[in-house]
Amino acid sequence: MGRSVKILLALTATLLWGGGVAVMVWVAGGWSWQAAERAGWLAAIAALLLPATGLWVWALRPGAQAAEPPTQPGPGPSSATNTVRGDVSGQAVQAHTIESLTIQSVPPAQQRDPTWWSAPVAAVDPLEVGVHRSREGLPSYVARDCETQLAQHLDQAVERGGLVLVVGPSTAGKTRAAWTAVATRCPDREVFVPDPGTDLTRLADAVGAHARTGRRAVVWLDDLDKHLNEGSRLTGSLLNQFHHAGAVVVATMRQGIHTRLTAPGPAVRTPEESELKVGEEERRLLRDVDAVEVARQWSGAELDRAQNSGDTAVVEAACRQRAGHGHGVGEYLSSAPQLLALWQAQRDLSTSEGGHPRAFRVVAASVDLARIGVEHADRDLLQAAHELYDLSAVLRPKSFDQALDWATRTHEDTCGLLLPATTDDPPTEWRPFDYLVDQITTPIPDALWHLALEHATNPHTHTAIGRAAHDHDRPAIAETAFRRAADAEHPHAMNGLGVLLHERGEVEEAESWYRRAAEANVSIAMRNLGLLLDARGESAEAESWYRRAAEANIPAAMSNLGLLLAERGEVEEAESWYRHAIKAGHPIAMVNLGFLLEKRGKKEEAEQWYRHAIKAGHPIAMRNLGFLLEERGEREEAEVWYRRAIDTASNANTKCNLGVLLEERRREAEQWRRVVEEAAEED
């Protein structure tokens, strides 16, 4: 209602009120002109007192201003009742109370960079940071058993820096648990969410600029592996840079990927053998982190809390897990098993039967592309890739556009089989629902590797394909991918190419690529260069590169340096580097330390370290323990460890040791047989 209308109403009410009072006084005093005069004066007084009733205050008070909607909606709620937004700089406005109306600042809308977005933590919808949707939208949160550990890790990261990593299978609830911890303990911070492949050095600069305004941030890396495969990767130095800016880095990772990247492998270098690895820098980063694990199957206490949540969908999911159907609560909430079954049901179901056979192949292509390092694909790549999967005309498949539409639409009231990988509307790239990727182990079509290489346009993707090809024992593909990226000056591809060449004996070219990568500050390349030089007898330069890599916190380099020092008699410094490598989670250093201690006569401690290394799955430790036990006469247990070492990783020396032990036992048995026979003859 306009202000002029209010004044008109107030004036009318005043005249009516005054007139009414005058009439009443005139009637009460008799119908005379004296009474009329007296009534007029009383009416005037009544009219003057009328504003005290608040009518004129109401009429004259300016109208309340409605909050202007943000020009760009943020990830949180689009509106708030009785609120006025703060300024775009994010400065807080102190809340004031006017009668019963509270006016307070609300965080500014989402800010967007071409490769990341940021917004106040308190304003972010969990669905915007990777939490899976249920059929009912966002389900009620149920406290997980890991919450205390997660809160401790987050508090430590606030104080000392580092990475807070939450690990679990797809749809286990790791992202929801991690984000709830952030929202609970860091509600006043700004969250920065980069796209996969983002140059994290630029993001670190942006976070630093944000810190210089007096504000603190959370860097959110859902699916951390997507920030290890592409772009400028997350490194220890970047973690330090984020910490110096007062930021906390929180990440999630699927269990299978984390296990693959952190699993202990064969010896990096022992007194008898050596091995090279691709991606050791990323493995080291993950091994240095004490990850918080979220289980797929909820515990009894978690199920009890779920059934008391009051959320029908959560209660139903908890009951289904208790019934023993084989899946966890999170899987039921996100309908992951149903989505997998829905997808696989389309394989041989014709269109006339209501099937979507072409859509099955589009999703299959996306899943396999993700398995070989192409995390997201555009329309052209998906169209070309899906044609590599046999599709019979008998199934009467629909067009590609119709298949893509079906694959990307919402199913089971949760999500699509393909999800948007860009913020464009409509999306220009898609990625597969990660649960599908975790469940598939079928062979990857050979032609898909070549198609991915042809389609890739940046060195980050070429490097990711190279690593995947190396892991899948496809050296020719790996070399092509690494060469293309290395020619584009990608330093990690240079190291990867050096590894491939080194493995097949082309040492001179391998050395050239190692040097270029090392000069670009790729610390694992420094270690690999040291290994090459050490094997060639150039120990002085090898030591120099080992030290540089060890000082960059590469555990394998620490162990290699320790071995080099031990070989020339500098056992105290060697022991020190071995212990540093062990603290960094390097199992071969346990073997080397045990070997060093054994030679120094400290056999009890040596045995302890051999047994620790065995728990990490190291076969050399099994052999060494067997030898130590044999020396002190414990031949039966020694035989057990020799046999386990051979079963784990067949080795000529171990077989020889076992053979010698068995031969000695045979001779000993023969001697006892003769003693028994001679005793029998004497009787």
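Parameters at a glance
- Residues numbered from 1 in each chain as written.
- Predicted model: local features only at pLDDT ≥ 70, side-chain atom pairs only at ≥ 80, totals over all residues.
- Heavy atoms only, no water.
- Axes fitted to C-alpha atoms, helices over the stretch in contact; angles between N-to-C directions.
- Helix = DSSP H or I, 4+ residues; strand = E, 2+ residues; numbered from the N terminus.
- Parallel < 35°, antiparallel > 145°, perpendicular 65-115°, else oblique.
- Left-handed = near helix turned anticlockwise from the far one by under 90°.
- Contact = heavy atoms within 4.5 Å.
- Nonpolar A, V, L, I, M, F, W, Y, C, P; charged D, E, K, R; others polar.
- Buried < 20%, exposed > 50% of the residue type's maximum accessible area, 1.4 Å probe, protein only.
- Expected span 1.5 Å × (residues − 1).
- Arc of directions from axis to C-beta.
- Pairing = 2+ DSSP bridges.
- Core = buried A, V, L, I, M, F, W, Y, C linked by side-chain atoms within 4.5 Å.
- Phe/Tyr/Trp six-rings, centres within 6.5 Å; stacked < 30°, edge-to-face > 60°.
- Salt bridge = Lys/Arg side-chain N within 4 Å of Asp/Glu carboxyl O.
- pLDDT = per-residue confidence, 0-100.

This next bit is on the packing of helix α26 (residues 555–567) against helix α27 (residues 571–583). What describes two packed helices is the angle between their axes and the distance between those same axes. At their nearest, the axes of α26 and α27 sit 8 Å apart, and the two run at 160° to each other. The angle between the axes of α26 and α27 places the two elements in the roughly antiparallel class. In this structure, α26 crosses over α27, and the sense of that crossing is left-handed. Contact residues: Pro555, Met558, Ser559, Leu561, Gly562, Leu563, Leu565 and Ala566 in α26; Glu573, Ala574, Trp577, Tyr578, His580 and Ala581 in α27. Along the lines of polarity and charge, the residues of the contact of α26 with α27 split into 10 nonpolar, 3 polar and 1 charged.

Look at helix α22 (residues 491–503) against helix α23 (residues 507–519): their axes get within 8 Å of each other, and the N-to-C directions meet at 160°. The angle between α22 and α23 places the two elements in the roughly antiparallel class. You can see that α22 and α23 cross each other, and the crossing is left-handed. For the pair formed by α22 and α23, the contact residues are Pro491, Met494, Asn495, Leu497, Gly498, Val499, Leu501 and His502 on the first element and Glu509, Ala510, Trp513, Tyr514, Arg516 and Ala517 on the second. Across the contact of α22 with α23, the residue classes tally to 9 nonpolar, 3 polar and 2 charged.

It is worth spelling out the side chain of Asp223 at this point. Take Asp223: it is sitting in the loop between β9 (217–221) and α7 (226–229). On the accessibility criterion, Asp223 (7% relative accessible area) is buried. If near-sequence neighbours (up to four positions away) are discounted, Asp223 is found in contact with Thr252, Arg254 and Asp434.

This brings us to helix α29 (residues 603–615). Over its 13 residues, α29 runs 18 Å from end to end, which matches the ideal 18 Å to within 8%, given 1.5 Å per residue. All buried positions along α29 are accounted for by Ala606, Glu607, Trp609, Tyr610, Ala613 and Ile614. Within α29, the buried residues cover an arc of 165° as seen down the axis, which keeps them to one side. Among the exposed residues of α29, those oriented more than 90 degrees off its buried face are Glu604 and Lys615.

The next subject is the environment of Ala566. One can find Ala566 in helix α26. Separated by 27 residues in sequence, Ala566 and Leu593 place their C-alpha atoms 9.9 Å apart. Setting aside anything within four residues of it in sequence, one finds Ala566 in contact with Ala574, Tyr578 and Leu596.

Quick look at α23 now. For α23, which comprises 13 residues, the first-to-last C-alpha distance of 18 Å matches the rise-based estimate of 18 Å (1.5 Å per residue) to within 8%. Looking at the buried positions of α23, the neighbouring elements they touch are α21 (475–487), α22, α24 (523–535) and α25 (539–551). Count one or two residues on from α23 and you reach Asn521, which has phi positive near 70°.

Looking now at the sheet that holds strand β12 (residues 377–378). Ordered by their spatial adjacency, 3 strands build an open sheet running β12-β14-β13, and the pairing between neighbours is antiparallel. A single partner strand is all that each edge strand has here, and the edge strands are β12 and β13 (418–420). Summarising the sheet, β12 and strand β14 (residues 429–432) pair through 2 bridges and their orientation is antiparallel. Looking at the pairing, Ala377 lines up with Trp430 of β14. Strands β12, β13 and β14 of the sheet are contacted by helix α15 (residues 357–371), whose axis makes an angle of about 80° with β14.

Looking now at the nonpolar core. Core analysis: the largest hydrophobic core is formed by 109 residues, its most contacted members being Trp343, Leu369 and Ile465. For Trp343, the contacting residues outside a window of four places in its chain are Phe360, Val363, Ala364, Val367, Leu417, Leu436 and Ile440.

Turning our attention to the packing of aromatic side chains. Scanning the model with the defined rule gives 3 aromatic pairs in all. Aromatic side chains Trp343 and Phe360 sit 5.1 Å apart centroid to centroid with 20° between the ring planes, which places their arrangement in the stacked category. Here the residue Trp343 occupies a position in helix α14 (residues 336–345), and Phe360 occupies one in helix α15, the gap between them amounting to 17 residues.

Let's shift gears to the pattern of salt bridges. Counted under the stated rule, the structure contains 33 salt bridges. Linking Glu538 and Arg536 is a salt bridge whose minimum nitrogen-to-oxygen distance equals 2.9 Å. You can call Arg536 partly exposed: its relative accessible area is 39%. When salt bridges with common partners are traced through the structure, they connect Glu479, Arg483, Arg504, Glu506 and Glu509 into a single cluster.

Per-residue confidence for the protein gives a mean pLDDT of 80, with 74% of residues at or over 70. Looking at the elements of the protein, mean pLDDT is at its lowest for strand β2 (residues 96–98), recorded as 26, and at its highest for helix α16 (residues 379–386), recorded as 97. Low pLDDT, under 50, characterises residues 60–108; the stretch is placed with 59 contacts to residues that sit more than four places away or in other chains. In the model, residues 265–275 has pLDDT below 50 throughout and makes 38 contacts with residues more than four positions away in sequence or in other chains.

Let us now look at unusual backbone geometry. In most cases, non-glycine residues show a negative phi, while peptide bonds are predominantly trans. Residue Asp425 is joined to Pro426 through a cis peptide bond whose omega torsion reads 0°. Counting through the fold element by element, Pro426 comes out in the loop between β13 and β14. For Ser335, which is not glycine, the phi dihedral falls at a positive 60°. Phi at Asn521 is positive, roughly 70°, even though this residue is not glycine. Relative to the elements of secondary structure, Asn521 occurs in the loop between α23 and α24. Asn521 gets classed as exposed once you look at its relative accessible area, which sits at 57%.

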